[in-house]
Amino acid sequence: MASEGAMSVHQGAVSDESQEIFVASQWRLMWWRFKRHRLAVVSAIILIGFYMVAAFAEFLATADPAYHTEKFHYLRPQPIRFFDEGRFRPHVNGLKGFRDPDTFKKDYEVLPDEKIPVHFFVEGFEYRLLGLFPANRHLLGIAPDVPLEVRPSIYLLGSDDIGRDAWSRLMIATRISLSIGLIGVAMSFFLGIVLGGISGYYGGVWDLSIQRLIEILRSIPAIPLWMALAAAVPRDWSALRVYFAITVIVSVIGWTELARVVRGRFLSLREDDFVTAARLIGVPEMRIIFRHMLTSFTSHIIAAISLAIPGMIIAETALSFLGLGLRAPAVSWGVMLQQAQNAQTVALYPWLMFVAVPVIIAILAFNFMGDGLRDAADPYSS
Amino acid sequence: MLGFMGRRALLGAVTIFAISIISFVVIQLPEGDWIDNYVLQLEMAGDPVSIDEAEALRSQYGLDRPLYVQYWKWIRRMASLEFGYSYYLEVPVKQILFERFPYQIMLAGVTIIFTWLFAIPIGIYSAVRKRSLGDYTFTFLGFTGLAVPDFLLALILMYISFAYFGQTVGGLFSREYLTAEWSWPRVWDLIKHLWIPTVVLGTAGTASLIRIMRNNLLDELPKPYVLTAMSKGLPLWWAIMKYPVRVALNPLVSTIGYLLPALIGGSIIVSVVLGLPTLGPVMLRALLEQDMYLAGTIVLLLGALTVVGTLISDILLIVIDPRIRVVGAD
């Protein structure tokens, strides 16, 4: 590509700007293309934010996500008040629980005079930062000298049926749900590259049998298959094993799409001059596949991957939501949504539905970013 | 043409056979069987069952035979439309299908009508007024509709309908009409309940159909015959509706075979959320209770529908559009 550019430069009368385009590398061209897709860039930034949350989930949690207390169950989201009589003194108001005499529903009265201070970089429950370094600092939290009975958390997003802090749980859930997407896609990617590669490079019987397998897998309706497989996960497995089982299940169908993309690319590249040249000078086959062919369509694979992730996140969320996926004590978006499963809860405690917001934003962002990447993967198209 | 259809039908049959094996194996995967669940239930009810009794039950239902024997018996009965007995609902699977499948088909049918009713005009508009504010708005809405999972949309609509209209959603009938005889008020009640599942199930399909319609029409609009029609003085809308729209509709018509099974598969989770009397909720329960005849029948039925639907789509596409030539046919 660069040599083509150099040739054009010799023809003279080329502006500085287009000269820059002629000598730009493929990746630079793609970056320029990607930048033009505003929505994709914004989505990429949002997704980086999401994965930062996933990485520093405990730091952002305001309370121990497992801590529960009957005293504060089904609590509405509570605002932090940053100013107190004109001074910057972040605090939350105290609460007094009571039963509605008519409906017997538990409700809370805000005590305007009882002010519980909120601190930044406060000491709280112990955790391991990035899974490595022991730490106990949190971005925001109730001062450690306030006893748990008085106020265990800020309750930015309210609390659930047994009084766990929804915000802190959401932070941990974000990590689990987003990582299932990544690991699931990595697994699909591996299967897709290997089987799609064999299919496209060797052709013949291999191609035929792998294509039939893909066709059969794709014609099985995904949701019933996922449900049936997830229902087969033994009830007594540990949370970690269930997590991996669900990841495998959501990639059962995902790999077929990637294999299709890889196969198509291999088929079109197989007869290309540079592959023939490499073969003629005696480059080993594995090296041709991995060093020459795969690298030439990496960008397409990246685009296909980022478009495959949201499907996996939805699959996990849906399965957990139905009670077939991850199970307590694991927390994922789907596990949290499970509490909002019936109309009554949704009507009485609408804040339990808030989890839907990050789910939708993440899925939209992945789709828009994938769309932008797909356009950018082929920077020569108009 | 016939050769092509024959080959596709053969491939379809092989696929259905493969699906039947996969669904049977997958449903057998959980440890233990329905008898274990049943024994546990009886024990919890204070009626302990001896191991001998459990074994007797097992051999009575043929659950002690090797897997391939069970599969063979099952698939032979399936072929003669004998679907077996649901252990946990304690009725024949056939009866459950009879009760629920009509609602399933009705829901899918209404959704398809909804989808086309919205997608085709919007698609035409978006193509003709390309890059207008309306086009961008529909594009964005379409993307959102595609991305938001159905069951979340169902939850959100459920909340809106409760919080702003004071209507509890769930099911297809109000309580007073649940078991009533068919009558006009009951039909009206059904229609009032039907809109939420229809919107929920139809949104994603509408979004993708808008895109397809828009792209198809955009391919047709610059063609000379459109220009000819307009230069002959045909009014713009007439010139568009009479020729290019008809061409652009072709691929759309062929998707109908594919749409139906996709809708039925997609409705499973939504049906659980909204408590619809369709196959979804029973399938979930059947999977959890290891009620293998019921779960197996539903999974196989959905798989077969998908295969047949795809087959119909492929054939329709060729029948409708004579320009498409089958490689290797004739």
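Residues numbered from 1 in each chain as written. Chains lettered and ligands numbered in written order. Predicted model: local features only at pLDDT ≥ 70, side-chain atom pairs only at ≥ 80, totals over all residues. Heavy atoms only, no water.

1. What to know about the pattern of salt bridges
Alright, step 1. The tally for this structure, following the rule as stated, stands at 7 salt bridges over all chains.
Alright, step 2. Put simply, E58 of chain A and R175 of chain A hold a salt bridge, and the shortest N to O gap is 3.0 Å. Of this pair, E58 of chain A sits in helix α5 (residues 57-60) while R175 of chain A sits in helix α6 (residues 166-202), and the two are 117 residues apart along the sequence.
Alright, step 3. Linking R214 of chain B and D135 of chain B is a salt bridge whose minimum nitrogen-to-oxygen distance equals 3.0 Å. On the criterion of sequence distance, the pair formed by R214 of chain B in helix α8 (residues 184-220) and D135 of chain B in helix α6 (residues 133-147) is long-range, its members being 79 residues apart. (Salt bridge = Lys/Arg side-chain N within 4 Å of Asp/Glu carboxyl O. Helix = DSSP H or I, 4+ residues; strand = E, 2+ residues; numbered from the N terminus.)

2. Quick word on the pairing of strand β4 (residues 133-142) of chain A
Sheet faces and side chains relate simply in a regular strand, where the side chains alternate between the two faces.
Residues and elements named next belong to chain A.
Alright, step 1. Of the pairings in the sheet, the one linking strand β3 (residues 106-129) to β4 comprises 8 bridges and is antiparallel in character. Its bridge partner being in β4, V118 is matched across the sheet by I142.
Alright, step 2. Hairpin connection between β3 and β4: a loop of 3 residues separates the two successive antiparallel strands, and L130 in this loop has a positive phi of roughly 55°. (Pairing = 2+ DSSP bridges.)

3. Focus on the interface of chain A and chain B
Accessible area lost upon the coming together of the parts is a frequently used measure of interface size.
Alright, step 1. Contacts between the two partners involve 39 residues from chain A, matched on the other side by 38 residues from chain B.
Alright, step 2. Here chain A is connected to chain B by 0 salt bridges.
Alright, step 3. Seen at the junction of chain A and chain B, the total is 0 residue pairs in polar contact (both at pLDDT 80 or more).
Alright, step 4. Those elements giving two or more residues to the side of chain A that touches chain B turn out to be α7 (204-219), α8 (222-231), α12 (298-321), α14 (343-348) and α15 (356-376) of chain A.
Alright, step 5. If you tally residues by element for the side of chain A that touches chain B, the top one is α15 of chain A, at 8 residues.
Alright, step 6. Looking at side-chain class alone, the side of chain A that touches chain B contains 30 nonpolar, 5 polar and 4 charged residues. (Contact = heavy atoms within 4.5 Å. Polar contact = N/O pair within 3.5 Å; in protein donor to acceptor, adjacent residues only side chain to side chain. Nonpolar A, V, L, I, M, F, W, Y, C, P; charged D, E, K, R; others polar.)

4. Some remarks on the sheet that holds strand β1 (residues 81-84) of chain A
Residue and element names in this part refer to chain A.
Alright, step 1. Ordered in space as β1-β2-β3-β4, the 4 strands form an open sheet in which the pairing is antiparallel. If you trace the sheet from one side to the other, it starts and ends with β1 and β4, each paired once. Taking each pair of neighbouring strands and ignoring which way they run, the sheet shows an average axis angle of 50°. (Axes fitted to C-alpha atoms, helices over the stretch in contact; angles between N-to-C directions.)

5. A few points about the packing of helix α1 (residues 2-28) of chain B against helix α4 (residues 67-79) of chain B
All names here are of chain B.
Alright, step 1. Orientation of α1 relative to α4, taken along the N-to-C sense of each, is 125°, at an axis distance of 11 Å. With respect to each other, α1 and α4 are oriented oblique. Along this stretch, α1 crosses α4, giving a crossing that reads as right-handed. Counted together, F17, S20, I21, S23, F24 and Q28 of α1 and L67, Q70, Y71, W74 and I75 of α4 form the full contact between these two elements.
Alright, step 2. For the contact of α1 with α4, the per-class residue count stands at 7 nonpolar, 4 polar and no charged. (Parallel < 35°, antiparallel > 145°, perpendicular 65-115°, else oblique. Left-handed = near helix turned anticlockwise from the far one by under 90°.)

6. Things to note about the packing of aromatic side chains
Alright, step 1. Here the structure, examined in full by the defined rule, presents 11 aromatic pairs over all chains.
Alright, step 2. Residues Y243 of chain A and F244 of chain A carry aromatic rings whose centres are separated by 5.3 Å and whose planes lie at 90° to one another, so their mutual orientation is edge-to-face.
Alright, step 3. Look at F244 of chain A and you get partly exposed, because its relative accessible area is 40%.
Alright, step 4. For the pair F24 of chain B and Y71 of chain B, a centre-to-centre distance of 5.4 Å together with 65° between the ring planes defines the contact as edge-to-face. With F24 of chain B in helix α1 and Y71 of chain B in helix α4, this residue pair connects regions lying 47 residues apart in the sequence.
Alright, step 5. Exposure remark for F24 of chain B: the relative accessible area of 7% places this residue in the buried category.
Alright, step 6. Since its relative accessible area comes to 13%, Y71 of chain B is described here as buried.
Alright, step 7. One cation-aromatic arrangement involves R241 of chain A over W237 of chain A; the distance from NZ or CZ to the ring centre is 4.1 Å. (Phe/Tyr/Trp six-rings, centres within 6.5 Å; stacked < 30°, edge-to-face > 60°. Buried < 20%, exposed > 50% of the residue type's maximum accessible area, 1.4 Å probe, protein only. Lys NZ or Arg CZ within 6 Å of the ring centre and 35° of its normal.)

7. Topic: the domain arrangement of chain A
Residues and elements named next belong to chain A.
Alright, step 1. Taken domain by domain, chain A holds domain 1 (58-164) and domain 2 (170-376).
Alright, step 2. Each of domain 1 and domain 2 has a C-alpha centre, and these two points are 37 Å apart.
Alright, step 3. Listed by partner, the interface residues are 15 residues for domain 1 and 11 residues for domain 2.
Alright, step 4. Across the domain 1 to domain 2 interface the summed buried area is about 1100 Å²; carbon plus sulfur atoms make up 69%.
Alright, step 5. Together, E58, Y74 and L157 form the three largest contributors to the area buried by domain 1 at its contact with domain 2, with a combined 47%.
Alright, step 6. Where domain 1 meets domain 2, there are 1 salt bridge.
Alright, step 7. Classifying every residue of the side of domain 1 that touches domain 2 by side-chain character gives 7 nonpolar, 2 polar and 6 charged. (Domains from an automatic or database assignment. Buried area = accessible area lost by both parts, 1.4 Å probe.)

8. Remarks on the nonpolar core
Alright, step 1. The biggest cluster of nonpolar side chains holds 147 residues, and the ones touching the most others in it are M227, L326 and W333 of chain A together with L152 and L155 of chain B.
Alright, step 2. At 13 residues, helix α9 (residues 239-270) of chain A tops the list of elements feeding residues into this core.
Alright, step 3. In contact with L152 of chain B, not counting residues within four places along its chain, are L337, A356, V359 and I360 of chain A.
Alright, step 4. The next biggest cluster of nonpolar side chains, apart from the first, holds 14 residues, and it includes I120, M213, A248 and L252 of chain B. (Core = buried A, V, L, I, M, F, W, Y, C linked by side-chain atoms within 4.5 Å.)

9. Observations concerning the pairing of strand β2 (residues 87-99) of chain A
All names here are of chain A.
Alright, step 1. In terms of strand pairing, β1 meets β2 through 3 bridges, oriented antiparallel. Bridge assignment links D84 to a residue of β2, and that residue is R87.
Alright, step 2. Two successive antiparallel strands, β1 and β2, enclose a turn made up of 2 residues, where E85 displays a positive phi of approximately 50°.
Alright, step 3. Judged from the 9 bridges that link them, β2 and β3 form a sheet pairing that is antiparallel. If you follow K96 over to β3, its bridge partner there is E109.
Alright, step 4. Hairpin remark: β2 followed by β3, antiparallel, with 6 residues in the connecting loop; positive phi at F104, about 60°.

10. Structural notes on empty space enclosed by the protein
Residue and element names in this part refer to chain A.
Alright, step 1. For the structure on display, the rule yields 7 cavities of 30 Å³ or more.
Alright, step 2. As a volume, the largest cavity reaches approximately 60 Å³.
Alright, step 3. Surrounding the largest cavity, L157, A166, L170, M336, Q339, W351, L352, F354 and V355 form its lining.
Alright, step 4. Classifying every residue of the lining of the largest cavity gives 8 nonpolar, 1 polar and no charged. (1 Å grid on protein atoms, 1.4 Å probe; cavity = no way out; pocket = protein on both sides within 12 Å on 5 of 7 lines; lining within 4 Å. Points joined across faces, edges and corners; volume = space filled by probe spheres on them.)

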